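Close look at the chain arrangement
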Amino acid sequence: MSMGGTTMIRKIAALAPLAALAMTPVSAADVGAAHIQPGMWRSTETVLEMTSALLSPEQVAARKAKPMVFESCIASDDLRVRLLGSDKLGLCQGRAEVSNGRIDIDRQCRTGLGKTARRLQGTYGPTRYEYVQESELAAPQGTSRTKSRIVVERIGDCRGG
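Scope of this entry: the structure provided in the associated data block. The structure presented is a predicted model; accordingly, all values stated were derived computationally and were not measured.

So, about the pairing of strand β7 (residues 142-156). Where strand β1 (residues 39-51) lies against β7, 11 bridges are found, and the strand directions are antiparallel. Each bridged residue has a counterpart across the sheet, and for Glu 49 the counterpart in β7 is Lys 147. With 12 bridges joining them, strand β6 (residues 128-139) and β7 adopt antiparallel strand pairing. Across the sheet, Leu 137 pairs through a bridge with Ser 144, a residue of β7.

Rendered as structure tokens:
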């Protein structure tokens, strides 16, 4: 496989579980239960365990060796919507509780990439949330599993207006 193809598979493997989580339904009654302060936030994901049918052992080792860090401007104060997104096609089911300072989500989704299962357990406050995320992707190439610790902290106001 070409280097470009390997890079694409790596990106898909890293993003597929996030795509599944983003398609989780949110009911109107539940929106607004968990609030964070809008602003500039830094997210750090540390991979604790990983097996992958889509990545080589070297790629898995590299992913585990160094945390992924990125910053983004978050405009909404609704943490639940941030963690769950929307599922307009009804592809996901399961429990999703984000309230009283606790994150407890256990969802399963079926997408074009395969079947995914995600579990998030953690805590939140107005300027920080953190959770351990366990995800599993059952794709035609095989099953991939990842366990990560994600820490997201508000670092200031958004830049540039």
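As a further point, take the nonpolar core. Within the largest apolar cluster, 17 residues are counted, with the highest numbers of intra-cluster contacts made by Leu 79, Leu 83, Val 98, Ile 103, Ile 105 and Tyr 129. Only α3 (79-84), β3 (92-99), β4 (102-111), β5 (114-124), β6 and β7 provide two or more residues apiece to this core.

It is worth spelling out the pattern of salt bridges at this point. The full count for this structure, using the stated rule, is 11 salt bridges. For Arg 42, the salt bridge is made with Glu 71, and the minimal N-O distance between the two is 2.9 Å. Of this pair, Arg 42 sits in strand β1 while Glu 71 sits in strand β2 (residues 68-74), placing them 29 residues apart in sequence. Exposure remark for Arg 42: the relative accessible area of 32% places this residue in the partly exposed category.

With that out of the way, let us pick up the state of the cysteines. Overall, the coordinates contain two disulfides when judged by the stated rule. Here Cys 73 connects covalently by a disulfide to Cys 158, the sulfurs 1.9 Å from one another. Given an S-S torsion of about 95°, the disulfide between Cys 73 and Cys 158 has right-handed geometry. With Cys 73 in strand β2 and Cys 158 in the segment after β7, this pair connects stretches of sequence that are 85 residues apart. Overall, Cys 73 belongs to the partly exposed group, its relative accessible area being 46%. Across a sulfur-sulfur distance of 2.0 Å, Cys 92 and Cys 109 are joined as a disulfide pair. Residues Cys 92 and Cys 109 share a disulfide whose torsion about the S-S bond is about 110°; that sign makes it right-handed. Placement of Cys 92 in strand β3 and of Cys 109 in strand β4 is noted, with a sequence separation of 17 residues between them.

For the rest of this paragraph, the subject is helix α2 (residues 57-65). Inspection of α2 places Gln 59, Val 60 and Arg 63 among the buried residues, and these make up the whole buried set. Summarising the axial view, the buried residues of α2 lie within an arc of 100°, below the 170-degree limit, and thus occupy one face. In α2, the exposed positions angled more than 90 degrees off the buried face are occupied by Pro 57, Glu 58 and Ala 65.

Moving on, we come to the sheet that holds β5. Spatially, seven strands are ordered β2-β1-β7-β6-β5-β4-β3 in an open sheet, and the strand pairing comes out antiparallel. At either margin of the open sheet sits one strand with a lone partner, and together these are β2 and β3. Looking at each pair of strands side by side, their axes are set apart by 20° on average, direction ignored. Across the sheet, α2 touches β1 and β2, and the angle it forms with β1 is around 135°.

Reading the values: the criteria
Counting starts from 1 at the beginning of each chain's written sequence and moves along it residue by residue. Confidence filtering applies because this is a predicted model: local features only for residues at pLDDT of at least 70, side-chain atom pairs given and counted only at 80 or more, and all residues used for totals across whole chains, interfaces and linings. Note: side-chain values were computed over all heavy atoms of the structure, leaving out hydrogens and water. In this analysis, strands are considered paired if DSSP registers two or more bridges between them. The helix and strand labels rest on DSSP assignments: H or I over at least four residues marks a helix, E over at least two residues marks a strand, and numbering proceeds from the N terminus. The set of buried Ala, Val, Leu, Ile, Met, Phe, Trp, Tyr and Cys residues whose side-chain atoms join them within 4.5 Å is what this entry labels a nonpolar core. Only protein chains enter the accessibility calculation, which uses a 1.4 Å probe; a residue whose area is less than 20% of its type maximum is buried, one above 50% is exposed, and one in between is partly exposed. Each reported salt bridge corresponds to a side-chain nitrogen of Lys or Arg within 4 Å of a carboxyl oxygen of Asp or Glu. Sulfur atoms of two cysteines make up a disulfide when they are within 2.5 Å. By definition, the arc is the one covered by directions from the helix axis to the C-beta atoms. Think of each axis as a best-fit line through the C-alpha atoms, taken over the contacting stretch in the case of a helix, with angles from 0 to 180 degrees between the N-to-C directions. Contacts were defined at the residue level, with two residues in contact if any of their heavy atoms lie within 4.5 Å.

Read these as geometric descriptors, not functional statements.
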